[in-house]
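A structural walkthrough
Listed below, chain by chain, are the residues.
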Amino acid sequence: RRRRGARLRPLMTHPPLSEDRAWCEATLPRVSRTFVLNIRLLAGPLREAVSAGYLLCRTADTLEDAWPGSAEEIRARFGLLRDALAGDEGAAAALAAAAARGGGELELVAGLPRSWRVWRALPGPDRERIAECLRTMVPGMCRYAARAAERAPGTPYLDSEAELHDYCWVVAGCVGVMLTRLSEADAGRDGPALGRRLELAPVVGEALQLTNILLDWPEDVRQGRCHVPADWLAAEDLAPARLVGPAHPGVDRLARRLEDMARAALTRVPDYLDLVPPRALRYRLFVLMPALWALASLEHARTDPEFPRGRRPRLPRGRLWREAAGALFGHRGAALRRLRAAAPRPGA
């Protein structure tokens, strides 16, 4: 019984879970042009888990990329997200309320309580696999974003090639591991095959992240964020601002170096897919299509005379669908051979 004079703790009221799920479904197209095509390949519980996990990962990404502030403010925001992922609904609400006041690109963060509730409604194992990924992603992103806020403007975001690989792990490699764990029911729980898939999963994420870093180069540099490592720039005697300036052979060499890294990682994707049984066709295509889109984007960027100094190259929609068809009809042969042949030529 309540003691006389004791105050009742207010209860949080929520919309029905079906409305939260509908919000997540409607939000996916607004946060990714291609993922919304890809997610439709999945079905049932896997699709719901991947969708919820993706929106939470993109929430962390938004904190890093679209919400500037002091190092202390950045750490506080990531701290609220960390607490939310530990089960604190109040932290999710507080972060969402702060984002709602910012508007604009923070819409996804403002909707965090909705994606949080959908995530919390997942079966325990799936919920934990997503949380495990974000326990890598959130502190990793926070570390890099807070450090950048403490540095002088124009300082490269990453110091070395080793940090480039680490950054790819905390923003994408851990997502590859999460997807591999979530897909166990479809792709199999066989010990040796699953263990090998988990070993290769980070390189699948790295391949896509390196491609995005290269393609986003013009926009990122103009917004004051340079993911080309400082030691690479020093070797060419270039400042980040020169990466979008007049033509310079050093800029072309750096772009080719980053492209070669992305291509080398893409050649490993077939090794991962070889361990996914043919019966898991939907998941095979879910992994294969983005890899083919990444390779096609690299090829398209090579033909764009304004890249990397001008603008971000956009893969034409017709090419996007042709690559998707190639994945569907060649997922066990031609498409895998195409990726294996993506390796940079010696001496290129």
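This section reports on the structure supplied with the text. Computed from a prediction, not measured in an experiment: that's the story for all the values here.

Comments concerning the layout of surface pockets
Of the volumes computed, that of the second largest pocket is approximately 190 Å³. Listing elements by their share of the lining of the second largest pocket, those giving two or more residues are helix H14 (249–266) and helix H16 (281–302).

Thoughts on the environment of Leu-285
With respect to the helices, strands and loops of the structure, Leu-285 is situated in helix H16. Overall, the relative accessible area of 4% leaves Leu-285 in the buried class. In this structure, the C-alpha to C-alpha distance between Leu-285 and Ala-193, residues 92 residues apart in sequence, is 18 Å. Excluding anything up to four places from it in sequence, Leu-285 contacts Asn-38, Leu-41, Pro-290, Ala-327, Leu-328 and His-331.

Some words on the packing of helix H4 (residues 71–85) against helix H8 (residues 124–150)
Direction vectors running N to C along H4 and H8 enclose 170 degrees, while the axes themselves pass 8 Å from each other. In terms of orientation, H4 and H8 fall into the roughly antiparallel class. Contacts between H4 and H8 involve Ala-71, Ile-74, Arg-75, Phe-78, Leu-81, Arg-82 and Leu-85 from the former and Leu-134, Val-138, Met-141, Cys-142, Ala-145, Ala-146, Ala-149 and Glu-150 from the latter. For the contact of H4 with H8, a count of residues per class yields 12 nonpolar, no polar and 3 charged.

With respect to the packing of H4 against helix H7 (residues 112–120)
Look at H4 against H7: their axes get within 11 Å of each other, and the N-to-C directions meet at 30 degrees. Relative to H7, H4 is oriented roughly parallel. In terms of crossing hand, the pair formed by H4 and H7 is right-handed. Judged by residue contacts, Leu-81, Ala-84 and Leu-85 of H4 engage Leu-112, Trp-116 and Trp-119 from H7. Tallied by class, the residues present in the contact of H4 with H7 amount to 6 nonpolar, no polar and no charged.

Reading the values: the criteria
- Residues numbered from 1 in each chain as written.
- Predicted model: local features only at pLDDT ≥ 70, side-chain atom pairs only at ≥ 80, totals over all residues.
- Heavy atoms only, no water.
- 1 Å grid on protein atoms, 1.4 Å probe; cavity = no way out; pocket = protein on both sides within 12 Å on 5 of 7 lines; lining within 4 Å.
- Points joined across faces, edges and corners; volume = space filled by probe spheres on them.
- Helix = DSSP H or I, 4+ residues; strand = E, 2+ residues; numbered from the N terminus.
- Buried < 20%, exposed > 50% of the residue type's maximum accessible area, 1.4 Å probe, protein only.
- Contact = heavy atoms within 4.5 Å.
- Axes fitted to C-alpha atoms, helices over the stretch in contact; angles between N-to-C directions.
- Parallel < 35°, antiparallel > 145°, perpendicular 65-115°, else oblique.
- Nonpolar A, V, L, I, M, F, W, Y, C, P; charged D, E, K, R; others polar.
- Left-handed = near helix turned anticlockwise from the far one by under 90°.

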